[in-house]
Amino acid sequence: MTPLLLIGAGGLAREALATIAAVNEVRPQWTVLGLLDDAPGKHGAVVDGAEVLGPVDLVREHPDARVLICTASPARRDSRVRIAQRLGFDDERYATLVHPQASVAAGVELGAGTMLFACAVITAPQRVGRFVLAMPHVLLTHDDAVADGVTLAGRAALAGAVQVGESAYIGSGALVREGVTIGAGALVGMGSVVLRDVPAGETWAGVPARELGVRV
């Protein structure tokens, strides 16, 4: 099986470990070597059976291992992209993780480092960017365009021809109307109904969603 290192030792890493276990039950594929995290207080801890081996740069001591970046936060929406830029690896170094219970249409292209968790659905051929995170029950429909580093929290749903810019974060249960554009780095609050374009870097929430005046 292929050796794998996870970057990050928080809740997302736990969810990724559970997904890896589900994948291995169907077809053994990954051997998790451990987790890497820059927080010294986490070093030596064991997270769901995987040890936190040390800081992120230890990944360079394991050139044969594939890498999965497991960080996500509304406050640091570009964390996965920034870590990838820091590491400077080619895309071939990164794992792509798809839960066996995800439904992915034939012809879908998933970028390096992307993770689809249980019951995520992509209904038609499309390109999904690098380091995208689709949590359980996320829905992508026809002609959507999801850029690198996007986070789609649980049950977020995109109607057709939605464009989501790099490192945008769409909160749990948010619904996005057909043809809408979510700008790069934007934050859409949980449960929001987005009926018009969200400019880059803005925070929108509500039904219908409106700007909250918090800009990054």
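Residues numbered from 1 in each chain as written. Predicted model: local features only at pLDDT ≥ 70, side-chain atom pairs only at ≥ 80, totals over all residues. Heavy atoms only, no water.

Would you take a moment to explain the overall build of the protein for this structure?
Looking only at helices and strands, the protein features two helices and 24 strands. What you see for the protein is a C-alpha radius of gyration of 17 Å, in line with the 17 Å of a compact globule of 216 residues. Projected onto its principal axes, the C-alpha positions of the protein cover 45 × 35 × 30 Å. Residue burial in the protein is summarised as follows: out of 216 residues, 50% are buried. Taking the contacts inside the protein whose residues are at least 6 apart along the sequence as the reference set, 31% of them involve residues at least 24 apart. Accessible surface for the protein amounts to roughly 9500 Å². Of this, 52% is attributable to carbon and sulfur atoms. The protein carries 18 positive and 22 negative side-chain charges, and their two centres are separated by 5 Å. (Helix = DSSP H or I, 4+ residues; strand = E, 2+ residues; numbered from the N terminus. Rg over C-alpha atoms; globule rule 2.2 N^0.38 Å. Buried < 20%, exposed > 50% of the residue type's maximum accessible area, 1.4 Å probe, protein only. Contact = heavy atoms within 4.5 Å. Areas by Shrake-Rupley, 256 points an atom, 1.4 Å probe, with all protein chains shown as cover. Lys, Arg positive; Asp, Glu negative; His and termini not counted. Charge placed at Lys NZ, Arg CZ, Asp CG, Glu CD.)

Could you clarify how one ought to interpret the sheet that holds strand E16 (residues 157-158) in this entry?
Backbone-to-backbone hydrogen bonds join strands into a sheet, with any given pair of strands oriented parallel or antiparallel. Reading across from one edge, E7-E10-E13-E16-E19-E22 is the order of the six strands in this open sheet, with parallel pairing throughout. Each edge of the open sheet is held by one strand with a lone partner, namely strand E7 (103-104) and strand E22 (193-194). Both strand E19 (residues 175-176) and E22 contribute to a ladder of two bridges, which runs parallel. If you follow Leu-175 over to E22, its bridge partner there is Val-193. (Pairing = 2+ DSSP bridges.)

How should the side chain of Arg-80 be read in this particular structure?
Relative to the helices and strands, Arg-80 resides in helix H2 (residues 79-87). Of the side chains bearing the opposite charge, Asp-78 lies closest to the buried Arg-80, which forms no salt bridge; the N-O distance is 9.3 Å. The contact partners of Arg-80, leaving out residues within four places of it in the chain, are Ile-69, Thr-71, Ala-72, Phe-131, Val-132, Leu-133, Gly-149, Val-150 and Thr-151. (Salt bridge = Lys/Arg side-chain N within 4 Å of Asp/Glu carboxyl O.)

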